[in-house]
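A structural walkthrough
The chain contents come next:
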Amino acid sequence: MNPSSNLTPDKYGFCFDHSYSKLPEVLFSRANPKQFNNPSLVIFNAPLAKTLGLNTPAIKASGWACFSGQEIPAAAYPIAQAYAGHQFGGFNNLGDGRAILLGEHISPNATRVDVQLKGSGPTPYSRSGDGLAGLGPMLREYLMSEAMQALGVPTTRSLAVMLTGEVVYRAQPQSGALLTRVAASHIRVGTFQYASAINQVDVLKALAEYTISRHYSNIKNNPSPYVALLDAVIDSQASLIAKWMQFGFIHGVMNTDNMSIVGETIDYGPCAFLNAYSPNTVFSSIDQNGRYAFGNQPKMGEWNLTRFAESLLPLLAENREDAIRIATDSLNAYQTKYRDYWLDAMRKKLGLVNAEPSDLTLAEDLLMLMVKHQADFTNTFRQLNTTSQLEKSLVSDVSFQHWQKLWKERLSRQPLSMEQSVALMHANNPQVIPRNHLVEEVLEFAAQGNMASFHAFIEVLQTPYSKPINEKYLSGAGAGFDESYQTFCGT
Ligand code: AMP
Ligand code: MG
């Protein structure tokens with residue numbers, strides 16, 4: 001059966017197209033979701049469904065069956081995508097081992113998004129895995145991705161989590177679950193690595209053309225479209241990672257298969273936000289050497305982009321040396337691009353509206369003082385103008401007092417009143433982030449079947465720049481918690 005499009009809404013409001021399935025077949029495999037015993041809904045993202053133009057009453061009346069894979073919408077064409085990836089530096093052939101793409105839904109505003117079931121059973125790429133997922137990790141992805149969206153960070157979205165009615169066996173048995181994930185696409189750096197590794201230049205070219213027309217149509221008529229694609233991906237990754245750094249987000253597993261070509265945050269496994277600021281912060285249990293520590297993220301982004309550039313080499317020039325030279329020139333721009341995005345964000349966090357050469361030092365000096373005093377990253381920025389709420393040891397440090405004097409002088413040299421500067425800071429420094437201890441608390445309740453605290457947390461995370469009524473959302477767990485806090489991959 002060939003994929004056919006249905007661009008008028010079906011009974012659930014889905015309008016599926018399947019442009020990816022028209023690419024060479026080596027890039028994907030047909031796959032069908034597993035039939036589960038007794039699926040039930042855990043959480044549904046009604047606002048997202050509305051934006052997508054879905055018919056919530058009809059989906060509900062069906063028992064949410066399209067979110068558990070028990071009913072395949074009429075025009076869906078389920079596939080698993082092939083990809084490869086460098087995992088902690090080592091190259092592996094991977095692919096969707098526990099995810100199935102139903103198709104590309106066309107929203108009422110003509111946006112094309114992938115709709116994917118994650119945890120939907122084995123696929124041809126499952127290797128020794130069971131293709132399943134546990135409730136905790138799927139709810140964690142739901143919560144983190146929705147928090148990122150509200151903060152303004154490009155991200156995949158979460159439409160629903162269902163229990164499968166079965167148990168999955170991990171370190172401890174847990175309830176099986178599926179997540180319906182919505183993404184601009186699931187094309188990864190690792191998808192290009194796969195297309196390059198199979199040594200079929202026509203496949204690589206088809207993938208590059210496809211990516212340009214789907215995501216970077218502004219470069220379609222560029223005389224060197226593949227170089228322009230490399231430059232565009234470098235730019236979107238630099239911009240994304242600067243946003244992570246601006247909010248204290250640690251992805252935790254920045255393998256090349258977990259890097260979206262569009263610059264969305266994808267694959268929320270062991271991710272976490274830092275509390276006390278330290279660039280060395282790592283929470284992932286398997287990241288023993290701190291490869292993906294908070295402060296290493298910009299560098300690892302560059303490493304991943306270098307792998308992307310390598311995979312594109314056959315398209316960049318006829319001659320390999322020329323291709324390497326072109327790729328190197330493009331990659332050389334990354335650090336400046338990243339630094340500019342980061343500094344732009346830091347200026348806003350500091351309430352600065354214009355640029356002065358010393359701004360970089362001003363931002364870096366504050367961060368150094370925050371390391372020294374283990375100051376909370378989120379709250380220090382938020383409360384910078386109200387010294388009374390800052391860490392006591394920070395405020396009494398003469399170096400900080402000197403820094404504050406320089407900062408206030410800097411503020412006075414820009415064409416904004418103090419009130420306007422503070423408003424700028426408040427619009428760029430959140431009050432609420434998904435604090436580790438609260439994430440764990442709501443997941444523990446959810447595992448016991450109590451979703452009330454999860455819903456309450458999600459609601460607070462929707463408006464991260466406003467002060468919540470309940471003050472428990474405003475700080476970390478305090479001394480000791482983060483030192484022993486561990487997050488886990490792919491569970
Ligand atoms: P992740 O760590 O989630 O990015 O996954 C890395 C790779 O392992 C991907 O190719 C996943 O599809 C695959 N994978 C992770 N968990 C499972 C599982 N339970 N069954 C099959 N494949 C899996
Ligand atoms: Mg992954």
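In the block above lies the structure referred to throughout.
None of these values were measured; they are calculated from a predicted model. (Residues numbered from 1 in each chain as written. Chains lettered and ligands numbered in written order. Predicted model: local features only at pLDDT ≥ 70, side-chain atom pairs only at ≥ 80, totals over all residues. Heavy atoms only, no water.)

1. Remarks on the overall build of the protein chain
On a plain count of helices and strands, the protein chain comes out with 17 helices and 12 strands. For a compact globule of 491 residues, the expected C-alpha radius of gyration is about 23 Å, and the protein chain comes in at 23 Å, within 12% of that figure. Counting only C-alpha atoms, the protein chain reaches 70 × 60 × 40 Å along its principal axes. Burial statistics for the protein chain: of 491 residues in total, 58% are counted as buried. For the protein chain, the computed accessible surface area is about 19,800 Å², with 51% contributed by carbon and sulfur atoms. If you average the places of the 39 positive and of the 43 negative side-chain charges in the protein chain, the two averages end up 3 Å apart. (Helix = DSSP H or I, 4+ residues; strand = E, 2+ residues; numbered from the N terminus. Rg over C-alpha atoms; globule rule 2.2 N^0.38 Å. Buried < 20%, exposed > 50% of the residue type's maximum accessible area, 1.4 Å probe, protein only. Areas by Shrake-Rupley, 256 points an atom, 1.4 Å probe, with all protein chains shown as cover. Lys, Arg positive; Asp, Glu negative; His and termini not counted. Charge placed at Lys NZ, Arg CZ, Asp CG, Glu CD.)

2. Quick look at the packing of aromatic side chains
Counted according to the given criterion, the structure contains 21 aromatic pairs. Judged by centre distance (5.6 Å) and plane angle (80°), the ring pair of Tyr20 and Tyr210 falls under edge-to-face. You can see Tyr20 sitting in the loop between β1 (16-17) and β2 (28-30) and its partner Tyr210 sitting in helix α5 (residues 201-215), a full 190 residues away along the chain. Here the two residues Tyr20 and Tyr210 agree in accessibility, since each one is buried. Here Phe400 and Trp403 contribute two aromatic rings whose centre-to-centre distance is 6.0 Å and whose plane-to-plane angle is 15°, an arrangement assigned as stacked. Of this pair, Phe400 and Trp403 both sit in helix α13 (residues 398-412), 3 residues apart, which is roughly one turn of the helix. (Phe/Tyr/Trp six-rings, centres within 6.5 Å; stacked < 30°, edge-to-face > 60°.)

3. Points about the environment of Leu416
By secondary structure assignment, the location of Leu416 is in the loop between α13 and α14 (418-428). Along the backbone, Leu416 and Ala65 are 351 residues apart, and their C-alpha atoms lie at a distance of 54 Å. Every residue in contact with Leu416, bar those within four places of it in the chain, is listed here: Gly351, Val353, Leu411 and Ser421. (Contact = heavy atoms within 4.5 Å.)

4. Overview of the side chain of Ser120
Within the secondary structure layout, Ser120 lies in the loop between β8 (112-118) and α3 (135-151). In this structure the side chain of Ser120 is engaged in a polar contact, spanning 3.4 Å, whose partner is the backbone oxygen of Leu117. Setting aside residues up to four positions removed in sequence, Ser120 forms contacts with Pro33, Lys34, Phe36, Arg98, Ala99, Ile100, Gly131 and Leu178. (Polar contact = N/O pair within 3.5 Å; in protein donor to acceptor, adjacent residues only side chain to side chain.)

5. Details of the site of ligand 1
Ligand 1 sits among 18 residues. The nearest are Gly95, Gly97, Asp130, Gly131 and Asn258. Between ligand 1 and Asp130, the relevant distance is 3.0 Å, taken from a nitrogen atom to a side-chain nitrogen or oxygen of the residue. Taking Asn258, its side chain carries an N or O atom lying 3.0 Å from an oxygen atom of ligand 1. Burial of ligand 1 by the protein amounts to 85% of the accessible area it has alone, namely 480 Å². (Near = heavy atom within 4 Å.)

6. A short note on the coordination of the magnesium ion (ligand 2)
Within the protein, the atoms that donate to the magnesium ion (ligand 2) are Asn258 (OD1) and Asp267 (OD), at distances of 2.0 to 2.1 Å. On the basis of relative accessible area, Asn258 is assigned to the buried category, the value being 8%. (Donors = N, O, S within 2.8 Å, 3.2 Å for Na, K, Ca; no water.)

7. A look at α13
An ideal rise of 1.5 Å per residue puts 21 Å on 15 residues; α13 measures up with 21 Å between its terminal C-alpha atoms. Burial in α13 covers these residues: Phe400, Trp403, Gln404, Trp407, Arg410 and Leu411. Buried residues of α13, seen end-on, are gathered within an arc of 125° and therefore sit on one face of the element. Opposite the buried face of α13, at more than 90 degrees from it, the exposed residues are Val398 and Ser412. Check the buried side of α13 and you find it contacts α10 (359-372), α12 (392-395) and α14. Two to three positions downstream of the cap, the backbone nitrogen of Ser399 sits 2.8 Å from a side-chain oxygen, assigning the N-cap of α13 to Asp397. (Expected span 1.5 Å × (residues − 1). Arc of directions from axis to C-beta.)

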